[in-house]
Amino acid sequence: MAISELELPSDVVAHSLAGPEQLAQALAERVAKALDYAVNSHGSASLVVSGGRSPTAFLEALSTRELDWAKVQVSLADERWVDVADPDSNEGLLRRHLLQNEAADAQLLGLYQPADTLEQAAKLASDRLESFKQPIDVLVLGMGNDGHTASLFPNSPLLAQGLDVDGTDHCLPMLAPTSPEQRITMTYSLLASARVQCLAIQGSSKLETLRQAMRLETLQMPIRAFLHSPLEIYWCP
């Protein structure tokens, strides 16, 4: 299956790359140009990326791009509620793979907050993002085979609130079906404000997920909420 075979909305741009390395480089180039434009136009830029294992090559490629990184704020679409030193920490991933080389001077605003409860931690993360440049200049999302993106998981108790287009919360507590279950996610209303929105996926199974998402409700497959302009999809087999 190729991405061209999907009946995506006509305003969604789809890029098909030969392999993971080509995808990482093409996405890094697109993101770097958009950040550079924002810095030159507005004096600063904001970037939101996703964690997990998949974006490592992209983050490393982006770290080598030359731009005024000291004027770029970076945050995460979601975070596992674990200490930043934990191997599962998305913030730790960014520190290891993005905040190096040319990007060493970028300003990182992580979502993890120590607190007594996940709900309190999400509120603290939401408060911290008051200083994050909005609307977001560039957003890079991933997607699970269950149709989740960020930590907007099907069946999570607060999913409807997290997908509310008029929601005022920047972050909400979420529960994942796999360990670590406790997550903090940016809400749809914040994520969807991004001027440039990219979705990076690999493999035929992810194309099948997109095909299903086009036919199902957003609460069943949250990625459905993003499948419209200005989304750009970067895919490789």
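All of these numbers come straight from a predicted model, not from anything done at the bench.

(A) Summary view of the packing of aromatic side chains. Taken as a whole and judged by the stated rule, the model has 1 aromatic pair. Aromatic pair tyrosine 188 and phenylalanine 226: ring centres 4.9 Å apart, planes at 70°, arrangement edge-to-face. Of this pair, tyrosine 188 sits in helix α6 (residues 188-191) while phenylalanine 226 sits in the loop between α7 (204-213) and β10 (231-236), placing them 38 residues apart in sequence. For the pair tyrosine 188 and phenylalanine 226, one class covers both residues: buried.

(B) Representation of the layout of surface pockets in the model. Counted as a void, the largest pocket has a volume near 930 Å³. Around the largest pocket, the lining is made up of 40 residues, and of these Gly51, Gly52, Arg53, Ser54 and Pro55 lie nearest the centre. Here the lining of the largest pocket takes 4 residues from helix α1 (residues 20-42), the largest share from any one element. Each residue belonging to the lining of the largest pocket can be placed in one class, and the counts come to 18 nonpolar, 14 polar and 8 charged.

(C) Local environment of unusual backbone geometry. Residue proline 180 is reached from serine 179 by a cis peptide bond, and omega for that bond is -10°. Residue placement: proline 180 occurs in the loop between β7 (171-175) and β8 (182-186). Omega for the bond connecting serine 229 with proline 230 falls within 30 degrees of zero, at 15°, which places this linkage in the cis form. With respect to the helices, strands and loops of the structure, proline 230 is situated in the loop between α7 and β10. Although it is not a glycine, asparagine 101 sits at a positive phi angle of roughly 50°. Following the sequence through the fold, asparagine 101 ends up in the loop between α3 (90-97) and β5 (107-108).

(D) Quick peek at α1. With 23 residues, α1 extends 32 Å between its outermost C-alpha atoms, agreeing within 8% with the 33 Å of an ideal straight helix rising 1.5 Å per residue. Along α1, the residues that are buried comprise Leu23, Ala24, Leu27, Ala28, Val31, Ala32, Ala34, Leu35, Ala38 and Val39. In this structure, the buried residues of α1 make contact with β2 (45-49), α2 (56-62), β3 (72-76), β6 (138-141), β9 (196-202) and β10. Positive phi appears at glycine 43, one or two residues downstream of α1, with a value of about 90°.

(E) A look at the side chain of lysine 206. With respect to the helices, strands and loops of the structure, lysine 206 is situated in helix α7. Buried charge without a salt bridge: lysine 206, with aspartate 146 as the nearest opposite-charge side chain at an N-O distance of 8.4 Å. Only 2.8 Å separates the side chain of lysine 206 from the backbone oxygen of methionine 143, close enough to count as a polar contact. Ignoring anything within four residues of it in the chain, the contact list for lysine 206 reads Met143, Gly144, Asn145 and Ile201.

(F) How the structure looks around the sheet that holds β7. Read from one edge of the open sheet, 3 strands run β4-β8-β7, paired in antiparallel fashion. Two strands in the sheet have a free side with no partner beyond their single neighbour: β4 (78-80) and β7. Within this sheet the neighbouring strands show an average axis-to-axis angle of 25°, counted without direction. By the bridge criterion, 5 bridges tie β7 to β8 in an arrangement that is antiparallel. Bridged to leucine 172 within β8 is threonine 185. In the packing of helix α4 (residues 118-128) onto the sheet, the strands contacted are β7 and β8, and the crossing angle to β7 comes to about 145°.

(G) View of the state of the cysteines. Counted by the stated rule, this structure contains 0 disulfides. Between cysteine 236, a free cysteine, and cysteine 198, which holds the nearest cysteine sulfur, the sulfur-to-sulfur gap is 15 Å.

(H) Molecular detail of the sheet that holds β5. Read across the sheet, 7 strands follow the order β1-β10-β9-β6-β2-β3-β5 without closing on themselves; strand pairing throughout is parallel. Strands at the two margins of the open sheet, each flanked by one partner only, are β1 (13-16) and β5. One ladder, built from 4 bridges, connects β1 with β10; its direction is parallel. Bridging from a neighbouring strand, serine 16 pairs with tryptophan 235 of β10. Here α1 sits on the sheet in contact with β2, β3, β6, β9 and β10, set at roughly 170° to β9.

(I) View of the pattern of salt bridges. Applying the stated criterion to the full structure yields 9 salt bridges. The closest approach of N and O atoms between aspartate 68 and lysine 71, which form a salt bridge, is 3.5 Å. For aspartate 68, a relative accessible area of 34% corresponds to the partly exposed category. Overall, the relative accessible area of 39% leaves lysine 71 in the partly exposed class. Residues lysine 133 and aspartate 137 are paired through a salt bridge, measuring 2.7 Å at the closest nitrogen-oxygen approach. Aspartate 137 sits in the buried class, given a relative accessible area of 4%. The network of salt bridges with shared partners includes Lys133, Asp137 and Arg195.

About the thresholds
Residues numbered from 1 in each chain as written. Predicted model: local features only at pLDDT ≥ 70, side-chain atom pairs only at ≥ 80, totals over all residues. Heavy atoms only, no water. Phe/Tyr/Trp six-rings, centres within 6.5 Å; stacked < 30°, edge-to-face > 60°. Helix = DSSP H or I, 4+ residues; strand = E, 2+ residues; numbered from the N terminus. Buried < 20%, exposed > 50% of the residue type's maximum accessible area, 1.4 Å probe, protein only. 1 Å grid on protein atoms, 1.4 Å probe; cavity = no way out; pocket = protein on both sides within 12 Å on 5 of 7 lines; lining within 4 Å. Points joined across faces, edges and corners; volume = space filled by probe spheres on them. Nonpolar A, V, L, I, M, F, W, Y, C, P; charged D, E, K, R; others polar. Expected span 1.5 Å × (residues − 1). Contact = heavy atoms within 4.5 Å. Lys, Arg positive; Asp, Glu negative; His and termini not counted. Salt bridge = Lys/Arg side-chain N within 4 Å of Asp/Glu carboxyl O. Polar contact = N/O pair within 3.5 Å; in protein donor to acceptor, adjacent residues only side chain to side chain. Pairing = 2+ DSSP bridges. Axes fitted to C-alpha atoms, helices over the stretch in contact; angles between N-to-C directions. Disulfide = S-S within 2.5 Å.

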